[in-house]
Amino acid sequence: MIEPSDQQLIDAAIAAGQNAYMPYSNYRVGAALLTASGDVYGGCNIESVSFTPTVCAERTALFKAVSEGQRDFSAIAVVTRDAGSPCGVCRQMLYEFAPDMRVILADLDGKAHLVTTLRALLPHGFGPENLDDGKS
Ligand code: THU
(Lines give C-alpha, C1' and ligand atoms only; values in the text may rest on other atoms or scores of the structure.)
Protein backbone atom coordinates (compact mmCIF):
# COMPACT_ATOMS: atom_id res chain seq x y z
CA MET A 1 0.00 0.00 0.00
CA ILE A 2 1.22 3.48 -0.85
CA GLU A 3 2.22 5.63 2.13
CA PRO A 4 2.48 9.45 2.30
CA SER A 5 6.27 9.26 2.45
CA ASP A 6 6.22 7.17 -0.73
CA GLN A 7 4.67 10.07 -2.59
CA GLN A 8 7.45 12.40 -1.44
CA LEU A 9 10.01 9.89 -2.65
CA ILE A 10 8.23 9.66 -6.02
CA ASP A 11 8.38 13.46 -6.33
CA ALA A 12 12.11 13.36 -5.58
CA ALA A 13 12.58 10.68 -8.24
CA ILE A 14 10.71 12.78 -10.81
CA ALA A 15 12.98 15.72 -10.00
CA ALA A 16 16.11 13.58 -10.27
CA GLY A 17 14.94 12.26 -13.63
CA GLN A 18 14.97 15.79 -15.03
CA ASN A 19 18.74 15.44 -15.28
CA ALA A 20 18.64 12.14 -17.15
CA TYR A 21 21.09 11.95 -20.05
CA MET A 22 19.46 9.53 -22.46
CA PRO A 23 20.00 10.65 -26.07
CA TYR A 24 20.11 7.05 -27.37
CA SER A 25 17.12 5.45 -25.70
CA ASN A 26 15.00 8.52 -24.98
CA TYR A 27 13.90 6.55 -21.91
CA ARG A 28 14.02 8.85 -18.89
CA VAL A 29 14.57 7.29 -15.49
CA GLY A 30 14.62 9.02 -12.11
CA ALA A 31 15.32 7.34 -8.81
CA ALA A 32 15.22 8.51 -5.21
CA LEU A 33 16.82 6.43 -2.49
CA LEU A 34 15.75 6.90 1.13
CA THR A 35 18.28 6.17 3.88
CA ALA A 36 17.33 4.76 7.26
CA SER A 37 18.17 8.16 8.75
CA GLY A 38 15.78 9.97 6.40
CA ASP A 39 18.15 11.40 3.80
CA VAL A 40 17.22 11.17 0.12
CA TYR A 41 19.67 10.65 -2.72
CA GLY A 42 18.48 11.22 -6.27
CA GLY A 43 19.81 9.58 -9.41
CA CYS A 44 19.17 9.51 -13.14
CA ASN A 45 20.26 7.32 -16.02
CA ILE A 46 23.40 8.45 -17.81
CA GLU A 47 24.03 6.93 -21.24
CA SER A 48 27.15 6.51 -23.35
CA VAL A 49 27.56 6.45 -27.11
CA SER A 50 29.46 3.24 -26.47
CA PHE A 51 26.29 1.87 -24.78
CA THR A 52 27.92 -0.55 -22.32
CA PRO A 53 29.13 2.11 -19.85
CA THR A 54 25.57 3.41 -19.45
CA VAL A 55 24.51 3.56 -15.83
CA CYS A 56 20.95 3.26 -14.56
CA ALA A 57 19.24 5.79 -12.34
CA GLU A 58 19.05 3.37 -9.42
CA ARG A 59 22.77 2.75 -9.37
CA THR A 60 23.55 6.43 -9.79
CA ALA A 61 21.52 7.11 -6.65
CA LEU A 62 23.06 4.17 -4.80
CA PHE A 63 26.64 5.08 -5.69
CA LYS A 64 26.09 8.68 -4.69
CA ALA A 65 24.75 7.56 -1.31
CA VAL A 66 27.37 4.89 -0.60
CA SER A 67 30.17 7.21 -1.64
CA GLU A 68 28.87 9.65 0.98
CA GLY A 69 29.09 7.00 3.69
CA GLN A 70 25.51 5.70 3.64
CA ARG A 71 24.91 1.97 4.10
CA ASP A 72 21.33 1.57 5.34
CA PHE A 73 18.42 2.11 3.01
CA SER A 74 14.71 1.76 3.58
CA ALA A 75 13.14 2.55 0.20
CA ILE A 76 13.68 3.51 -3.41
CA ALA A 77 11.26 5.14 -5.82
CA VAL A 78 11.83 4.69 -9.54
CA VAL A 79 9.94 6.78 -12.06
CA THR A 80 9.63 6.15 -15.78
CA ARG A 81 6.99 6.75 -18.46
CA ASP A 82 5.66 3.21 -17.99
CA ALA A 83 6.52 2.62 -14.31
CA GLY A 84 9.19 0.18 -15.50
CA SER A 85 10.90 -2.21 -13.17
CA PRO A 86 14.58 -2.06 -12.16
CA CYS A 87 16.97 -4.11 -14.29
CA GLY A 88 18.67 -7.19 -12.91
CA VAL A 89 21.99 -5.46 -12.36
CA CYS A 90 20.35 -2.76 -10.23
CA ARG A 91 18.37 -5.35 -8.26
CA GLN A 92 21.60 -7.15 -7.44
CA MET A 93 23.43 -3.98 -6.46
CA LEU A 94 20.60 -2.75 -4.22
CA TYR A 95 20.30 -6.23 -2.66
CA GLU A 96 23.87 -5.88 -1.46
CA PHE A 97 22.78 -3.22 1.03
CA ALA A 98 19.06 -3.54 1.64
CA PRO A 99 17.25 -6.72 0.55
CA ASP A 100 14.11 -5.72 2.45
CA MET A 101 13.82 -2.16 1.22
CA ARG A 102 10.54 -0.92 -0.22
CA VAL A 103 10.50 -0.45 -3.97
CA ILE A 104 7.99 2.00 -5.39
CA LEU A 105 7.49 2.04 -9.16
CA ALA A 106 5.70 5.06 -10.53
CA ASP A 107 5.00 6.86 -13.79
CA LEU A 108 5.97 10.38 -14.79
CA ASP A 109 2.69 11.74 -13.45
CA GLY A 110 3.66 10.48 -10.01
CA LYS A 111 1.17 7.63 -9.94
CA ALA A 112 2.46 4.54 -8.13
CA HIS A 113 1.85 1.33 -10.10
CA LEU A 114 3.57 -1.10 -7.78
CA VAL A 115 4.82 -1.01 -4.19
CA THR A 116 6.87 -4.07 -3.35
CA THR A 117 10.18 -5.09 -1.78
CA LEU A 118 13.55 -5.76 -3.26
CA ARG A 119 13.41 -9.32 -1.95
CA ALA A 120 10.21 -9.87 -3.93
CA LEU A 121 11.97 -8.59 -7.07
CA LEU A 122 15.04 -10.75 -6.46
CA PRO A 123 13.89 -13.96 -4.78
CA HIS A 124 16.57 -16.36 -3.52
CA GLY A 125 19.13 -13.62 -4.15
CA PHE A 126 22.87 -14.02 -3.79
CA GLY A 127 24.00 -11.72 -0.98
CA PRO A 128 26.96 -10.88 1.24
CA GLU A 129 26.00 -13.64 3.72
CA ASN A 130 26.86 -16.21 1.05
CA LEU A 131 30.53 -15.35 1.49
CA ASP A 132 30.41 -15.13 5.27
CA ASP A 133 31.75 -18.47 6.51
CA GLY A 134 35.14 -18.24 4.82
CA LYS A 135 35.04 -21.85 3.56
CA SER A 136 35.68 -22.72 -0.05
N1 THU B 1 17.48 2.14 -17.11
C2 THU B 1 17.52 2.59 -15.83
O3 THU B 1 17.97 3.71 -15.56
N4 THU B 1 17.07 1.76 -14.84
C5 THU B 1 16.59 0.51 -15.06
O6 THU B 1 16.43 -0.25 -14.11
C7 THU B 1 16.28 0.09 -16.42
C8 THU B 1 16.99 0.82 -17.50
C9 THU B 1 17.97 3.01 -18.18
C10 THU B 1 19.23 2.56 -18.84
C11 THU B 1 19.12 3.23 -20.18
O12 THU B 1 19.63 4.54 -20.07
C13 THU B 1 17.64 3.31 -20.45
O14 THU B 1 17.01 3.10 -19.20
C15 THU B 1 17.12 2.29 -21.44
O16 THU B 1 17.53 1.01 -21.11
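The shown structure was predicted, so the numbers you read here are calculated from the model rather than taken from an experiment.

## Concerning the site of the ligand
Consideration 1: Inspection of the region around the ligand gives S25, Y27, V29, N45, E47, T54, C56, A57, E58, S85, P86 and C87 as its neighbouring residues.
Consideration 2: Separating an oxygen atom of the ligand from a side-chain N or O atom of N45 is a distance of 3.0 Å.
Consideration 3: Take C87: an N or O atom from its main chain is 2.8 Å from an oxygen atom of the ligand.
Consideration 4: Taken by itself the ligand offers 370 Å² of open surface, and the protein chains cover 78% of this.
Consideration 5: When the residues that make up the shell around the ligand are grouped by side-chain class, the tally is 6 nonpolar, 4 polar and 2 charged.

## Digging into the nonpolar core
Consideration 1: Judged by nonpolar contacts, the single largest core of 20 residues is most densely connected at L33, F73, I76, L94, M101, V103 and L118.
Consideration 2: Elements with a minimum of two residues in this core: β1 (30–35), α2 (57–67), β3 (73–79), α3 (88–95), β4 (102–106) and α4 (118–121).
Consideration 3: Looking at this core element by element, the count peaks at 4 residues for α2.
Consideration 4: Every residue in contact with V103, bar those within four places of it in the chain, is listed here: I76, P86, L114, V115, T116, T117, L118 and L121.
Consideration 5: Counting 9 residues, the second largest nonpolar core, distinct from the first, contains L9, A13, A75 and A106.

So, how was this worked out
- Residues numbered from 1 in each chain as written.
- Predicted model: local features only at pLDDT ≥ 70, side-chain atom pairs only at ≥ 80, totals over all residues.
- Heavy atoms only, no water.
- Near = heavy atom within 4 Å.
- Polar contact = N/O pair within 3.5 Å; in protein donor to acceptor, adjacent residues only side chain to side chain.
- Areas by Shrake-Rupley, 256 points an atom, 1.4 Å probe, with all protein chains shown as cover.
- Nonpolar A, V, L, I, M, F, W, Y, C, P; charged D, E, K, R; others polar.
- Core = buried A, V, L, I, M, F, W, Y, C linked by side-chain atoms within 4.5 Å.
- Buried < 20%, exposed > 50% of the residue type's maximum accessible area, 1.4 Å probe, protein only.
- Helix = DSSP H or I, 4+ residues; strand = E, 2+ residues; numbered from the N terminus.
- Contact = heavy atoms within 4.5 Å.

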